[in-house]
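# A structural walkthrough
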Amino acid sequence: MTLSHDRSDEELVDAFIEGDNKAFSTIVERHRTRLTTVARRYTRNDHDAQDVVQEAFLRASCNLHSYRRESALSTWLHRLVKNSGYDYLNHRSNRENASLDAEDFDDDRNPLLAHNPSENLAEQLVVREAMQLLREDQREALVLTDVAGFRVGEVATAQGVKPGTIKSRRARAREVLRAAMG
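My aim in this report is to walk through the structure given alongside it, one point at a time. Note that this is a predicted model, so its numbers are computed, not measured.

## Here we look at the packing of aromatic side chains
If you walk through the whole model with that rule in mind, you get 4 aromatic pairs. Plain terms: the ring middles of F24 and F57 are 6.1 Å apart, the flat faces sit at 90° to each other, and that makes the pair edge-to-face. Placement of F24 in helix α2 (residues 21–43) and of F57 in helix α3 (residues 46–63) is noted, with a sequence separation of 33 residues between them. Its relative accessible area of 6% is what places F57 among the buried residues. Where Y67 meets W76, the ring centres are 5.3 Å apart and the plane angle is 45°; that geometry is what we call tilted. In terms of burial, Y67 and W76 fall into one category: buried. Members of the aromatic cluster, joined through ring pairs, are F16, F24 and F57.

Here it is in structure tokens:
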């Protein structure tokens, strides 16, 4: 009998589709840490990042039968987290645009415990603008390796290119960012 942890992602997907719920638990265990790192880019805090990852895993469990295996499972899950992160940002911005009456504010809150979304706003805007200067393939190589923590070889396999191509794209992306950010 093969333990769930010894099986490849593809074998776990097949097992889950055939009804083995433990296979999905293994997928979650295997990918949660990296996906949480990706989710933090959108939420800026661990609590909401966990919600985004949970939403992505829920979507994955409901749609795993439609996973086409054109890319690695980790890349597909990464995309689901990105989509959940975008949903989180859109939902949050809609809440922030709601009417703010004086009675909604609690003057006694502890400012040291409060999340300040505009903290480091100038730096965030500079980075966001600089990221827009990158080609999509460069941005993706940089984000997947440096932010999400995937190995160069994993990204290369998922994108169907050689590891040297990913290294080159990432290096060019870093050059552009350095130049843009002064």
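This is not the end of the story, as more comes after the structure.
## Things to note about the side chain of T145
Structurally, T145 can be placed in helix α6 (residues 136–147). For T145, the side chain forms a polar contact with the main-chain oxygen of A141, separated by 2.7 Å. A polar atom in the side chain of T145 sits 3.4 Å from the backbone oxygen of L142.

## Thoughts on helix α7 (residues 152–159)
Taken together, the buried positions of α7 are V152, V155, A156 and A158. Projected onto a plane normal to the axis of α7, the buried residues spread over an arc of 165° and lie on a single side.

What counts as what
Residues numbered from 1 in each chain as written. Predicted model: local features only at pLDDT ≥ 70, side-chain atom pairs only at ≥ 80, totals over all residues. Heavy atoms only, no water. Phe/Tyr/Trp six-rings, centres within 6.5 Å; stacked < 30°, edge-to-face > 60°. Helix = DSSP H or I, 4+ residues; strand = E, 2+ residues; numbered from the N terminus. Buried < 20%, exposed > 50% of the residue type's maximum accessible area, 1.4 Å probe, protein only. Polar contact = N/O pair within 3.5 Å; in protein donor to acceptor, adjacent residues only side chain to side chain. Arc of directions from axis to C-beta.

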